[in-house]
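Residue-level listing of the chains:
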Amino acid sequence: MKFSQEVPLASLARTRTSFRFSRLFPIPEQSGQGALHGPGGAPYIFPGLFAMLLAQSIYAGNTYPLPVSDGAAEIEWITPSTFRFQRVWNGALDSKPDRASETVVVDRSAEKGILEFRSKHLVVRVNEATLAFEVIDGHEKVLLREDKGAELKDGQIVLRRRMPDKEDFVGLGPRTEQRLGAKGMVIESQTPFLISTAGYGLDYSSAGEFRFDLGKTNPAEARTIISGVSRVEYLFHYGPGPKEIFEERAKWLPPIDFREEDVGVRAAARLPKYARKLDKQTDSCKAVAALVHASMTGTRVPALNPDDYPGDVNMEVLAQVLPMVYRKEWSNATGLRKRLAPFLITYLQEATEKGYPMIHPLPMQFSEDGAGLDRSDEFMLGDEMLVAPFCGAQQKRTVYLPRGNWTRLTGGPSIRGKQTISIDAKAGELPIFLRNGAVLPLAPLSDDEPMEMHYYPKLGGEFFIWEPDADFISQLHASPALDYFRVESETRKERVYEWVLHQMEEPKEVQMVDGPTFERAQNAEAMGLNRWMFNPVTKEVRVRLQAKVGGHEIVNIWLINR
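Conventions we followed
Residues numbered from 1 in each chain as written. Predicted model: local features only at pLDDT ≥ 70, side-chain atom pairs only at ≥ 80, totals over all residues. Heavy atoms only, no water. Helix = DSSP H or I, 4+ residues; strand = E, 2+ residues; numbered from the N terminus. Buried < 20%, exposed > 50% of the residue type's maximum accessible area, 1.4 Å probe, protein only. Contact = heavy atoms within 4.5 Å. Areas by Shrake-Rupley, 256 points an atom, 1.4 Å probe, with all protein chains shown as cover. Pairing = 2+ DSSP bridges. Axes fitted to C-alpha atoms, helices over the stretch in contact; angles between N-to-C directions. Polar contact = N/O pair within 3.5 Å; in protein donor to acceptor, adjacent residues only side chain to side chain. Salt bridge = Lys/Arg side-chain N within 4 Å of Asp/Glu carboxyl O. Disulfide = S-S within 2.5 Å. 1 Å grid on protein atoms, 1.4 Å probe; cavity = no way out; pocket = protein on both sides within 12 Å on 5 of 7 lines; lining within 4 Å. Points joined across faces, edges and corners; volume = space filled by probe spheres on them. Nonpolar A, V, L, I, M, F, W, Y, C, P; charged D, E, K, R; others polar. Expected span 1.5 Å × (residues − 1).

1. Section: the overall build of the chain
Check the secondary structure of the chain and you find seven helices and 44 strands. A burial count over the chain gives 53% of its 562 residues as buried. Of all intrachain contacts in the chain linking residues separated by at least 6 positions in sequence, the fraction that spans at least 24 positions is 57%. When the accessible area of the chain is evaluated, it comes to approximately 25,500 Å², of which 50% is carbon and sulfur surface.

2. Quick notes on the sheet that holds strand β21 (residues 231–238)
On the basis of which strands lie adjacent, the open sheet formed by seven strands has the order β5-β6-β7-β21-β18-β17-β15 and antiparallel pairing. Here the strands that pair on one side only, and so sit at the sheet edges, are β5 (63–66) and β15 (169–171). Each strand of the sheet is rotated relative to its neighbour by a mean of 20 degrees, with strand direction disregarded. In this sheet, strand β18 (residues 200–204) lies alongside strand β17 (residues 193–196) in antiparallel orientation, the contact comprising four bridges. Residue Ile-195 lies in a different strand from β18, and its bridge partner there is Gly-201.

3. Focus: the environment of Tyr-455
Inspection of the secondary structure assignment puts Tyr-455 in strand β35 (residues 451–455). Residues Tyr-455 and Gly-437, 18 residues apart in the sequence, show an inter-C-alpha distance of 6.9 Å. A polar contact is formed between the side chain of Tyr-455 and the backbone oxygen of Leu-459, at a distance of 2.7 Å.

4. Some remarks on the pattern of salt bridges
Tallying each qualifying case throughout the model produces 40 salt bridges. Notably, a salt bridge pairs Glu-233 with Arg-84, separated by 2.6 Å at the nearest N-O pair. Of this pair, Glu-233 sits in strand β21 while Arg-84 sits in strand β7 (residues 82–88), and the two are 149 residues apart along the sequence. When its relative accessible area of 4% is taken as the criterion, Glu-233 is described as buried. Given the relative accessible area of 1%, Arg-84 is considered buried. Where Asp-168 meets Arg-179, a salt bridge forms, and the shortest distance between an N and an O atom there is 2.9 Å.

5. Some points on the sheet that holds strand β41 (residues 519–520)
Within the open sheet, the six strands sit side by side as β34-β35-β39-β43-β42-β41. Their pairing is mixed. Only two strands of the sheet have a single partner each, and these edge strands are β34 (439–442) and β41. Pairing between β41 and strand β42 (residues 531–535): two bridges, direction parallel. Counted as the bridge partner of Arg-520 is Trp-532 from β42.

6. As for the pairing of β7
Counting buried residues in β7 gives seven out of seven residues, a clear majority hidden from the surface. Burial along β7 is two-sided: the residues Thr-82, Arg-84, Gln-86 and Val-88 and Phe-83, Phe-85 and Arg-87 are all buried. Where strand β6 (residues 72–79) and β7 come together, seven bridges link them in antiparallel fashion. Counted as the bridge partner of Ala-72 is Val-88 from β7. Connecting the antiparallel pair β6 and β7 is a turn made up of two residues. Taken together, the seven bridges between β7 and β21 define a ladder with antiparallel strand orientation. Looking across to β21, one finds that Phe-83 is bridged to Phe-236.

7. Section: the state of the cysteines
This structure, assessed with the given rule, holds one disulfide. The disulfide that involves Cys-285 links it to Cys-391, with 2.1 Å between the sulfurs. Disulfide Cys-285-Cys-391: torsion about the S-S bond near 95 degrees, hence right-handed. In this pair, Cys-285 is assigned in helix α3 (residues 284–296) and Cys-391 in the loop between β28 (385–387) and β29 (396–401), connecting sequence segments 106 residues apart.

8. Here's the deal with the layout of surface pockets
In this structure, the largest pocket spans a volume of roughly 770 Å³. Along its surface, the largest pocket is lined by 32 residues, and Glu-260, Ala-341, Pro-342, Ala-443 and Pro-444 are the ones closest to its centre. Going through the elements one at a time, α5 (335–339), α6 (341–354), β36 (461–467) and β39 (495–501) are the ones with two or more residues in the lining of the largest pocket. A volume near 550 Å³ is recorded for the second largest pocket. Surrounding the second largest pocket, 21 residues form its lining, Tyr-347, Asp-383, Glu-384, Glu-462 and Phe-463 being those nearest its centre. Counting residues per element, the ones that place at least two in the lining of the second largest pocket are α6 and β36.

9. Side note on the side chain of Lys-243
Tracing the backbone through its elements, the reader meets Lys-243 in helix α2 (residues 242–250). Within polar-contact distance, the side chain of Lys-243 engages the side chain of Asp-383 at 2.9 Å. With residues up to four places along the chain from it excluded, the contact list for Lys-243 reads Tyr-356, His-360, Met-364, Gln-365 and Asp-383.

10. Considering empty space enclosed by the protein
Counted under the stated rule, the structure contains two cavities of 30 Å³ or more. By volume, the second largest cavity amounts to about 30 Å³. Every residue along the wall of the second largest cavity is listed here: Asn-314, Val-317, Pro-389, Phe-390, Glu-429 and Leu-430. Partitioned by chemical class, the residues of the lining of the second largest cavity number four nonpolar, one polar and one charged.

11. Some thoughts on α6
Spanning 14 residues, α6 covers 20 Å between terminal C-alpha atoms, matching the ideal 20 Å at 1.5 Å per step. Most of α6 sits out of view: ten of its 14 residues are buried. Residue Gly-355 follows α6 closely and has a positive phi angle near 80 degrees.

Below, the structure written as structure tokens:
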């Protein structure tokens, strides 16, 4: 039996959490005078265990003590998808104020030596005798299972988890292996954060020297070995995919206080505190791998110095798209980097709001596609751009294209995804692919040019440009609609947009909804406001319009005569 109603602990102690007891003891009746009575009306006396558990439940914040005979342990609920576990053998627990940002409703029960905590998204079962954890999601999927709890033996803390055949791990810092998946490896890491393909992340926040044996010694077991300490603390973040895990983790990260000039080329001495410098690698191939591994570990804004790779043209080209570049002296961004300024600013804002790394490794962006675990030599920049840099003396390379259809930024035919292709190196070119449905903003190189909005049909797409001056977004949408395509703008900054639609047929008419019919221009020199042109060689349609602050401009591009 269990209490049928939630008991707010705020009425018992200073807390923001509610819970239920269930399957512990029969519920006594309460008389009109408030005294508790058992069967037959006799005064009810709590059994010792029940009284102990009730006393333990009068806690500060969302923290529940766990029973141990040596030292202390506790579990603290941060959100319905994140909990913090702490265990010490010598000394006291690390006392922290309640850090949850929301009221976490947790149902608690105990039966046959198992403590159960049930939140909106997770079920956590703890063996009272061994402190072994089992974590299950809301769909009854086992995420993590331990046969033994954390142990301190011979000066090392050891945590053991079962590792199913299909489980793999990513993260653990800026490593340089070609494969992102760490299954079967032993890794010593100073960045003890990893993500399981089962749907959770573990973020160790305690001190010590960490070694992760991810199925090398025992293929059915993942071990974490921590040396030099007698205390372990970690955060368990649940998420169906890495993006949801990063969002949970973001609630613990400091905000990013960025400026527009941060996407230029920073002076080394003035690199923002939120950026993380990547160590110099022996060659640019390993530098790219370290960049991708670091991002998969949750590095939001990695910073790289091209001067660490003198004479390497490929690194100079790659620096055009990296989240942050620094050199000895500050300089203005040029070329593609200048054009990508609104794109990079937007993803800096997303990094501080959601905790996503600006570099999206393939397992992050396409978590259901296991092929991405093998590729640390390519990555997504944001959601739109797949970057496949050449490195070293490469003249050819392979590129894995995930699901969808892809088009090179430099133009060319659409390429079907879910396959690996081979491409040749071209001097000074950084291979970039955009998936169908992508909308990519490119800033003008001079003040008298429009901002280009590149759209890759035929799926609907959108891009929300972060406008630092307005502290808000400008919304840009593009989509097919039977016999026409539609582009829309709702802007917070007055500017001229030139939509560039790729892989298109020649339009019959271009008209603004509730506005004028656009005049056709025969060439780029004749382009102006409310004009459009079609290039039969590149299959591009260009449409130029003036967007007003607070306006809503809708343009239909008709492919048939009306």
